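Structural features, examined
The lines below spell out each chain.
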Amino acid sequence: ATIFPSYAVTLDVLRAAQLRLRGELDAARDAYERIIAAHRPFTRISIVLEALPGLMQVLCEQGNYAEAVAYARAFESSDGVPDLERPWLLRTLLPNLCICEARIGLADAAAHKLDAAIESAGSAPLLLWQLHGARASVAVEQRERATTEQHLKLAGKHARAAGSTVLIARHEALLERF
């Protein structure tokens, strides 16, 4: 690990993800926060880009929606994030950010952001699955059943288009939540 320091950090990110998947949310949160704090002022942005979405998922699962939004906005506006990385960061965080915004009463703004992102996403099935899934979640918060069903259907189409059994399984799990 000392010879390949990035290898050790990658392992830390994977360990944090494993904790999150096992439901050990407090431990996962601590792990993600340690990773992010160790790389401020974002000198290793690639590590932060891996850790921040995981931290946002943990915060959402814990019901800490406002805190997740605050984290995302802090990174979004940080001078330490290179301009070249900023669009990728926003696109990576956008689904979770919008779900959290919807849950703190900003559903209409979140829906507009996701609609714009979907329109400009091109034909990347994984990205479109994420965006449509998030848009369905926001529509639930808006109590718009038809919009929820429309975006779940589109998310399924993109999951199948990707041809990934893992993504299809994740989509089926998404359907069970609704």
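Residues numbered from 1 in each chain as written. Predicted model: local features only at pLDDT ≥ 70, side-chain atom pairs only at ≥ 80, totals over all residues. Heavy atoms only, no water.

Here we come to the packing of helix 8 (residues 145–162) against helix 9 (residues 165–177). Running from N to C, helix 8 and helix 9 point in directions that differ by 165 degrees, and their axes come no closer than 8 Å. When the axis of helix 8 is compared with that of helix 9, the two are roughly antiparallel. The element helix 8 and its partner helix 9 pack so that their crossing is left-handed. In contact with L152, A155, G156, H158, A159, R160 and A162 of helix 8, helix 9 contributes L167, I168, H171, L174 and L175. A breakdown of the residues in the contact of helix 8 with helix 9 according to their chemical character gives 8 nonpolar, 3 polar and 1 charged. (Axes fitted to C-alpha atoms, helices over the stretch in contact; angles between N-to-C directions. Helix = DSSP H or I, 4+ residues; strand = E, 2+ residues; numbered from the N terminus. Parallel < 35°, antiparallel > 145°, perpendicular 65-115°, else oblique. Left-handed = near helix turned anticlockwise from the far one by under 90°. Contact = heavy atoms within 4.5 Å. Nonpolar A, V, L, I, M, F, W, Y, C, P; charged D, E, K, R; others polar.)

Take helix 9 next. For helix 9, which comprises 13 residues, the first-to-last C-alpha distance of 19 Å matches the rise-based estimate of 18 Å (1.5 Å per residue) to within 8%. Regarding helix 9, the residues found buried are L167, H171 and L174. Angularly, the buried residues of helix 9 cover 55 degrees about the axis, an arc narrow enough to put them on a single face. Across from the buried face of helix 9, at angles greater than 90 degrees, the exposed residues are T165, V166 and E176. For helix 9, the elements touching its buried residues are helix 7 (125–142) and helix 8. (Expected span 1.5 Å × (residues − 1). Buried < 20%, exposed > 50% of the residue type's maximum accessible area, 1.4 Å probe, protein only. Arc of directions from axis to C-beta.)

On to the state of the cysteines, then. The full count for this structure, using the stated rule, is 1 disulfide. In this model C60 forms its disulfide with C100; the gap between the sulfur atoms is 2.4 Å. Since a negative S-S torsion denotes a left-handed disulfide, the C60-C100 link at about -75 degrees is left-handed. Taken together, the residues span a long stretch of sequence, with C60 in helix 3 (residues 45–61) and C100 in helix 5 (residues 86–103) at a distance of 40 residues. Taken as a pair, C60 and C100 share a single burial class, namely buried. With no disulfide of its own, C98 lies closest to C100 among cysteine sulfurs, the gap being 9.4 Å. (Disulfide = S-S within 2.5 Å.)

To continue, consider the side chain of R29. Position of R29 relative to the elements: it lies in helix 2 (residues 25–38). R29 gets classed as buried once you look at its relative accessible area, which sits at 17%. With near-sequence residues (within four places) excluded, R29 lies in contact with L55, V58, L59, Q62, N64 and E67.

Note that R170 resides in helix 9. Exposure remark for R170: the relative accessible area of 44% places this residue in the partly exposed category. Between the alpha carbons of R170 and A159 there is a distance of 8.7 Å; along the sequence they are 11 residues apart.

Let us look at helix 7. A rise of 1.5 Å per residue sets the reference length of helix 7, with its 18 residues, at 26 Å; its end C-alpha atoms lie 25 Å apart and thus fit the reference within 8%. Within helix 7, 13 of the 18 residues are buried, which leaves it mostly tucked inside the rest of the structure. Phi turns positive one or two residues past the end of helix 7, at R143, with a value near 60 degrees.

Take the confidence of the model for the protein next. Do not read the fine detail of predicted coordinates wherever pLDDT is low. Looking at the protein, pLDDT values average 84 and 83% of them are 70 or higher. Mean pLDDT across the secondary structure elements of the protein bottoms out at helix 9, with 78, and peaks at helix 6 (residues 107–119), with 94. (pLDDT = per-residue confidence, 0-100.)

Inside soluble globular proteins, nonpolar side chains tend to come together where they are buried. Core analysis: the biggest nonpolar cluster contains 26 residues, and Y32, L52, L55 and M56 have the highest contact counts within it. Elements represented by at least two residues in this core include exactly helix 1 (5–21), helix 2, helix 3, helix 4 (65–76) and helix 5. In terms of residue count, the dominant contributor to this core is helix 3 (7 residues). Sequence-distant contacts of L55, that is, excluding residues within four places in its chain, are made with R29, Y32, E33, I36 and Y71. (Core = buried A, V, L, I, M, F, W, Y, C linked by side-chain atoms within 4.5 Å.)

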